[in-house]
Amino acid sequence: MEQKTHLKINPILWGRPIELADGSARVELTVTKEMAADEYGLTHGGTVFGLADYAAMLAVNHPNVVLAGAKVKFLKPVQTGDVLLAKAKVEKTEGKKITVFVDVEKDAEQVFSGEFICVIPSKHVLSK
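Source: prediction; values computed, not measured.

1. Digging into unusual backbone geometry
Part 1 of the reasoning: Despite not being glycine, N61 has its phi angle at roughly 55 degrees, a positive value.
Part 2 of the reasoning: Structurally, N61 is set in the loop between α2 (45-60) and β3 (66-74).
Part 3 of the reasoning: Under the relative-accessibility criterion, N61 is labelled buried at 9%.

Now the structure itself:
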């Protein structure tokens, strides 16, 4: 399936799509030292959230999709060197509102889960 959204995302920062299907996506990210929050290599939660958000956008895969809200849980710590896999699946569509569930794993162990509320405006949010 062709990617239609978030085409300029930097894969080093937010992950690399490894699977894209109708209503689902899988994105992989290798955590780098630049993503660390402290001397232990603990990864900033925004990094994991960004990966999950990107996977959700790809599961919807519409050029105008944006995030409207999210409920998330950080379940286990992530650190420098970890390879993360985000699995996103569209669960419900109500008009232009789409609910996507995303799980993030490292070594097949869940480290993050979230419900992302996405919307598809009629035009790009920055277009005039």
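2. As for the packing of aromatic side chains
The geometry of an aromatic ring pair comes down to the distance between the two centres and the angle between the two planes.
Part 1 of the reasoning: Following the criterion strictly, the structure yields three aromatic pairs and no others.
Part 2 of the reasoning: Measuring from ring centre to ring centre gives 5.5 Å for F49 and F116, while their planes differ by 40 degrees; the resulting arrangement is tilted. One end of the pair, F49, is in helix α2; the other, F116, is in strand β6 (residues 109-119), with 67 residues separating them in the sequence.
Part 3 of the reasoning: F116 gets classed as buried once you look at its relative accessible area, which sits at 0%.
Part 4 of the reasoning: With centroids separated by 5.1 Å and ring planes inclined at 75 degrees, the aromatic side chains of F74 and F112 adopt a geometry described as edge-to-face. One end of the pair, F74, is in strand β3; the other, F112, is in strand β6, and 38 residues separate them in sequence.
Part 5 of the reasoning: The exposure class assigned to F74 is partly exposed, which follows from its relative accessible area of 49%.
Part 6 of the reasoning: By relative accessible area, F112 is classed as buried at 0%.
Part 7 of the reasoning: By way of ring pairs, the aromatic residues F49, F74, F112 and F116 are connected into one cluster.

3. Regarding the pattern of salt bridges
Part 1 of the reasoning: Taken as a whole and judged by the stated rule, the model has five salt bridges.
Part 2 of the reasoning: For R26, the salt bridge goes to E19, with nearest N and O atoms at 3.5 Å.
Part 3 of the reasoning: With a relative accessible area of 27%, R26 lands in the partly exposed category.
Part 4 of the reasoning: The residue K106 makes a salt bridge to D82 at a minimum N-O spacing of 3.2 Å. In this pair, K106 is assigned in strand β5 (residues 97-106) and D82 in the loop between β3 and β4 (83-94), connecting sequence segments 24 residues apart.

Basis of the calculations
Just so you know, the residues in each chain are numbered from 1, in the order the chain's sequence is written. For this predicted model, a pLDDT threshold of at least 70 governs which residues receive local features, and a threshold of 80 or more governs which side-chain atom pairs are given and counted, while totals over whole chains, interfaces and linings are taken from all residues. Only hydrogens and water are set aside; all other atoms, that is, all heavy atoms of the structure, feed into the side-chain values. Going along the chain from the N terminus, every DSSP run of H or I of four or more residues is numbered as a helix, and every run of E of two or more is numbered as a strand. Buried, partly exposed and exposed residues are distinguished by accessible area as a fraction of the type maximum, computed with a 1.4 Å probe on protein chains only: under 20%, between the cut-offs, and over 50%, respectively. A pair of aromatic rings is counted whenever rings of Phe, Tyr or Trp (Trp by its six-membered ring) have centres within 6.5 Å, and the orientation is called stacked for planes under 30 degrees apart, edge-to-face for over 60 and tilted otherwise. The salt bridge criterion pairs a side-chain nitrogen of Lys or Arg with a carboxyl oxygen of Asp or Glu, the two atoms within 4 Å.

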